[in-house]
Amino acid sequence: MHVRCPDRLPEDAYRQVLEQMAELSPVVQALPPTAALAELKGALRYHGADAVRLGEMLRVRTISRLGVDIRVGIGSSITVAATVSGQVPRPSGVLAVPPDRVTDWLGPLPVEALHGIGPRQAQALRDYGVHSVGLLATVPPATVQRLLGGRAGRQAADRARGVDPRPVVPRALPATASVHRAFPRHTLDGAAVRAALLDLVVTLAVQLRGGGRAARGLTLALRFAGGTTWEKSRRLPEASAHDDDLRTMAYRLIDAAGLQRGRITAITLKADDLVSADQVAEQISLDEVRETRLVAEEVSDRIRAKFGPDAIRPATTLLRVS
């Protein structure tokens with residue numbers, strides 16, 4: 001079963017959809033940001049229901065419990081199920097293709113509808129005269145390999161015939177943590193935006209260290225007057241929960257936004273792909289300035305633990321408030 005959630009679904013809602021899927025099957029594979037797979041073989045026996053019924057149950061639960069409607073595709077392999085879900089009319093529905101009808105169902109579809117075929121690959125096939133999945137299935141695999149490359153060609157030739165031996169691999173969505181700041185009125189003041197971002201960096205870093213976690217990446221999301229949004233993610237060189245590392249990456253992200261005269265109404269900073277701090281190797285640094293800041297960071301954490309989270313604030317934030 002391949003599930004497609006609405007575009008731009010908030011992460012917390014996406015996590016809840018995964019939880020609903022886990023109630024039906026113990027084998028669920030998250031495909032961020034808005035899709036997921038579930039293996040149904042054991043679930044069919046456990047629930048005593050057919051695959052379509054399970055898909056309908058999932059859809060009813062996501063609508064009634066979460067207010068989220070989904071598209072569900074059911075097939076004999078990952079490729080078939082994902083292709084089927086892509087053919088479910090928006091915004092939602094459940095569609096299943098029995099194993100004995102796979103090739104007949106796939107045949108009339110345009111090549112770009114086959115899951116795993118990208119725009120460039122589809123164009124290469126169309127230039128060769130292959131416009132449908134059925135035609136792709138009749139082309140000798142060696143020819144497809146010459147058109148798309150060795151591995152990609154083999155996969156495309158197999159999947160056009162409904163062959164895809166990949167199993168559903170249980171994979172949960174990596175843990176995240178986020179902080180948010182909304183402005184009372186939209187602001188054009190770059191200094192105020194940067195000060196707010198620094199405040200979020202420190203708050204997020206303290207939150208991570210307090211939970212014994214470190215982030216492998218950061219995501220910065222900006223909301224502008226009128227409701228438009230901008231979002232960008234980057235991986236950290238090494239997993240970290242230190243103010244310096246998160247601040248450096250956050251500033252790179254805000255610089256990438258190229259704000260100029262952007263009227264910002266809110267900022268969200270998210271730590272992605274969290275790991276236990278015990279898994280992060282602390283390397284000895286010869287940078288005396290960094291080592292001094294890390295010592296100061298440790299002292300600051302102790303002060304906050306004793307006197308409260310607002311006992312120490314970034315200097316730029318204090319200047320902005322005063």
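Whatever comes next refers back to the structure up there.
Residues numbered from 1 in each chain as written. Predicted model: local features only at pLDDT ≥ 70, side-chain atom pairs only at ≥ 80, totals over all residues. Heavy atoms only, no water.

This part is about the overall build of the protein chain. A tally of helices and strands in the protein chain yields 13 helices and 9 strands. Principal-axis analysis of the C-alpha atoms places the extent of the protein chain at approximately 70 × 45 × 45 Å. Burial analysis of the protein chain (322 residues in total) assigns 42% to the buried set. If you take every contact in the protein chain between residues at least 6 apart in sequence, the share linking residues at least 24 apart comes to 64%. With an accessible surface of roughly 17,500 Å², the protein chain has 53% of that area assigned to carbon and sulfur atoms. (Helix = DSSP H or I, 4+ residues; strand = E, 2+ residues; numbered from the N terminus. Buried < 20%, exposed > 50% of the residue type's maximum accessible area, 1.4 Å probe, protein only. Contact = heavy atoms within 4.5 Å. Areas by Shrake-Rupley, 256 points an atom, 1.4 Å probe, with all protein chains shown as cover.)

Moving on, we come to the pattern of salt bridges. Scanning the entire structure with this criterion turns up 15 salt bridges. Between R216 and D273 there is a salt bridge, and its shortest N-O distance comes to 3.4 Å. One end of the pair, R216, is in strand β7 (residues 213–224); the other, D273, is in strand β9 (residues 264–276), and 57 residues separate them in sequence. Of the residues examined, R216 reaches a relative accessible area of 31% and is grouped as partly exposed. Through salt bridges with shared partners, a single network forms among E11, R15, K270 and D272. (Salt bridge = Lys/Arg side-chain N within 4 Å of Asp/Glu carboxyl O.)

With that out of the way, let us pick up the sheet that holds strand β6 (residues 177–187). Spatially, 4 strands are ordered β6-β9-β7-β8 in an open sheet, and the strand pairing comes out antiparallel. If you trace the sheet from one side to the other, it starts and ends with β6 and β8 (229–240), each paired once. Taking the axes of each pair of neighbouring strands and ignoring which way they run, one obtains an average angle of 15 degrees across the sheet. Taken strand by strand, helix α11 (residues 243–256) contacts β7, β8 and β9, and its axis lies near 150 degrees from that of β8. (Pairing = 2+ DSSP bridges. Axes fitted to C-alpha atoms, helices over the stretch in contact; angles between N-to-C directions.)

Attention now goes to helix α3 (residues 51–66). With 16 residues, α3 should reach 22 Å at 1.5 Å per residue; the first-to-last C-alpha distance of 22 Å fits that figure. Every buried residue of α3 is accounted for by A51, L54, G55, M57, L58 and T62. The arc enclosing the buried residues of α3, seen along the axis, measures out at 160 degrees, which places them on a common side. Along α3, the residues that are exposed and aim more than 90 degrees away from the buried face are V60 and S64. Where α3 is buried, its residues meet β1 (2–4), α1 (11–24), α2 (41–47), β4 (71–74) and β5 (93–96). Looking one or two places after α3, you find G67, whose phi comes out positive at around 70 degrees. (Expected span 1.5 Å × (residues − 1). Arc of directions from axis to C-beta.)

Let us look at unusual backbone geometry. Note that the residue after P32, namely P33, is joined by a cis bond; omega there is 10 degrees. For P33, the location among the structural elements is in the loop between β2 (28–31) and β3 (35–38). The omega torsion of the bond from R90 to P91 falls at 10 degrees, within 30 degrees of zero and hence cis. Unusually for a residue other than glycine, R8 sits at a positive phi of about 60 degrees.

Turning our eyes to something else, we now look at helix α8 (residues 141–148). Restricting attention to buried positions, one finds in α8 the residues T143, V144 and L148. For α8, the arc enclosing every buried residue in end-on projection is 115 degrees, short of the 170-degree limit, so these residues lie on one face.

A grouping of V295, V299 and I303 is seen on the molecular surface, where their side chains present a nonpolar patch of about 220 Å² in accessible area. Within the fold, I303 resides in helix α12 (residues 288–307). (Patch = residues over 30% accessible without salt bridge, like charges linked within 9 Å, V, L, I, M, F, W, Y side chains within 5 Å.)

Attention now goes to the packing of aromatic side chains. Applying the stated criterion across every chain, the model contains 0 aromatic pairs. Above the ring of Y251, the side-chain terminus of R194 is found at 4.2 Å from the ring centroid. (Phe/Tyr/Trp six-rings, centres within 6.5 Å; stacked < 30°, edge-to-face > 60°. Lys NZ or Arg CZ within 6 Å of the ring centre and 35° of its normal.)

A few words on the sheet that holds β2. Ordered in space as β2-β3-β1-β4-β5, the 5 strands form an open sheet in which the pairing is mixed. The open sheet is flanked by β2 and β5, the only strands paired with a single partner. Neighbouring strand axes in the sheet, compared pairwise and without regard to direction, differ in orientation by 15 degrees on average. When β1 meets β3, the two strands line up antiparallel, connected through 3 bridges.

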